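Each chain is listed here by its residues.
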Amino acid sequence: MAKRQNPAAEAETPAVETPEETAARLTQGKGAPTPSRREQEAARKRPLVPTDRKEAARTARTKQAEAREKARVGMAAGDERYLTARDRGPQRRYVRDYVDARFSIGEFLIPVMLLVIVLSFLPWQFMQLWGLVALWAFFLIAVIDCIVLGFVVTKKIGDKFGKTKVERGLKWYAAMRALQLRVMRLPKPQVKRGHFPS
């Protein structure tokens, strides 16, 4: 009868590996052999303080300027990654598109104010008085327009997203955008006049 080997002795006997198996084991899953300890340490070694501080500062400033410019362009284009918390979300985008698609009386408030300031320098007192009255009347009409806009936008958002899911502050957000000149709005308008969002 053949004598069986001890299992512990079998486990201690190392399995012989061919060179091809060794190469396959080293490259399996990574595509390259594991770097040696010396190579890893050399890769980690870099000076804590750069040798040329002026060049390092110049490089850092260039990178920061590029990042700022990228963020500015992204925000102007309405890219969600670069928007502030105030402008993020589908409901805020809907409000922006709706406001940008309509003519708002409030967007002409700044030019009217500049006109009244010019009229105040004229020597005729009745022109100054009528300019001031016109400014207050225009401001009152703009406020009424913003209030109506707030209710319309809230209703449309409720119809689109559900009445219970309407975010807070949308009326104020719509009013503040409607009071700005179209060219000064940020994010920049993404729709043309009359192209209301569905």
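For the structure itself, consult the block above.
To keep things clear, this report deals only with the structure shown in the data block. Everything quoted here is computed from the prediction, not taken from an experiment. (Residues numbered from 1 in each chain as written. Predicted model: local features only at pLDDT ≥ 70, side-chain atom pairs only at ≥ 80, totals over all residues. Heavy atoms only, no water.)

Some points on the overall build of the protein chain
- Counting its regular elements, the protein chain contains eight helices and zero strands.
- Taken from the N to the C terminus, the helices and strands of the protein chain come in the order α-α-α-α-α-α-α-α.
- Within the protein chain, the proportion of its 198 residues that are buried is 22%. (Helix = DSSP H or I, 4+ residues; strand = E, 2+ residues; numbered from the N terminus. Buried < 20%, exposed > 50% of the residue type's maximum accessible area, 1.4 Å probe, protein only.)

Here's the deal with a nonpolar patch on the surface
- Together, Ile 110, Leu 114, Ile 117, Phe 121, Val 183 and Met 184 give the surface a local cluster of nonpolar side chains, amounting to about 650 Å² of exposed area.
- Looking at where Val 183 falls in the secondary structure, it is placed in the segment after helix 8 (170-178). (Patch = residues over 30% accessible without salt bridge, like charges linked within 9 Å, V, L, I, M, F, W, Y side chains within 5 Å. Areas by Shrake-Rupley, 256 points an atom, 1.4 Å probe, with all protein chains shown as cover. Salt bridge = Lys/Arg side-chain N within 4 Å of Asp/Glu carboxyl O.)

As for the packing of helix 6 (residues 109-120) against helix 7 (residues 125-161)
- It is the contact of helix 6 with helix 7, at a shortest axis distance of 9 Å, that shows an interaxial angle of 165 degrees. If you check the angle between helix 6 and helix 7, you find them roughly antiparallel. In this structure, the crossing between helix 6 and helix 7 has a hand that is left-handed. Where helix 6 approaches helix 7, its residues Leu 109, Val 112, Met 113, Val 116, Leu 119 and Ser 120 are matched on the opposing element by Met 127, Gln 128, Gly 131, Leu 132, Leu 135, Phe 138 and Phe 139.
- Here the residues of the contact of helix 6 with helix 7 sort into ten nonpolar, three polar and no charged. (Axes fitted to C-alpha atoms, helices over the stretch in contact; angles between N-to-C directions. Parallel < 35°, antiparallel > 145°, perpendicular 65-115°, else oblique. Left-handed = near helix turned anticlockwise from the far one by under 90°. Contact = heavy atoms within 4.5 Å. Nonpolar A, V, L, I, M, F, W, Y, C, P; charged D, E, K, R; others polar.)

Some details on helix 5 (residues 90-101)
- In this model helix 5 runs 16 Å from its N-terminal to its C-terminal C-alpha over twelve residues, within 8% of the 16 Å that 1.5 Å per residue would give.
- Within helix 5, ten of the twelve residues are buried, which leaves it mostly tucked inside the rest of the structure.
- Buried positions along helix 5 lie against helix 7 and helix 8. (Expected span 1.5 Å × (residues − 1).)

Some points on the packing of aromatic side chains
- Under the criterion given, the structure shown has three aromatic pairs.
- For the pair Tyr 94 and Phe 161, a centre-to-centre distance of 6.5 Å together with 90 degrees between the ring planes defines the contact as edge-to-face. Remark: Phe 161 occurs in helix 7 and Tyr 94 occurs in helix 5; sequence separation between them is 67 residues.
- For the pair Trp 136 and Phe 139, a centre-to-centre distance of 6.0 Å together with 85 degrees between the ring planes defines the contact as edge-to-face. Taken together, the residues Trp 136 and Phe 139, both in helix 7 and three residues apart, mark about one turn of the helix.
- The class of Trp 136 is exposed, set by a relative accessible area of 56%.
- Lying across the ring of Tyr 173, Arg 92 places its NZ or CZ 5.0 Å from the centre. (Phe/Tyr/Trp six-rings, centres within 6.5 Å; stacked < 30°, edge-to-face > 60°. Lys NZ or Arg CZ within 6 Å of the ring centre and 35° of its normal.)

Focus on unusual backbone geometry
- Cis geometry marks the peptide bond from Leu 186 to Pro 187; its omega dihedral reads -10 degrees.
- On the secondary structure map, Pro 187 appears in the segment after helix 8.

A closer look at helix 6
- Helix length check: helix 6, at twelve residues, gives a terminal C-alpha distance of 16 Å against a target of 16 Å (1.5 Å per residue), a fit within 8%.
- Among the residues of helix 6, those classed as buried are Leu 109, Val 116 and Leu 119. Mapping the buried residues of helix 6 onto a view down its axis gives an arc of 80 degrees, with all of them on the same face. Across from the buried face of helix 6, at angles greater than 90 degrees, the exposed residues are Leu 114 and Val 118.
- Buried residues in helix 6 make contact with helix 7. (Arc of directions from axis to C-beta.)

Quick look at the pattern of salt bridges
- Under the defined criterion, the tally for this structure stands at twelve salt bridges.
- Arg 185 is paired through a salt bridge with Glu 107; the nearest N and O atoms lie 3.7 Å apart. With Arg 185 in the segment after helix 8 and Glu 107 in the loop between helix 5 and helix 6, this pair connects stretches of sequence that are 78 residues apart.
- On the basis of relative accessible area, Glu 107 is assigned to the buried category, the value being 2%.
- Residues joined in a network through salt bridges with shared partners are Asp 100, Glu 107, Arg 177, Arg 185 and Arg 193.

In short, shape yes, function no, at least from these values alone.
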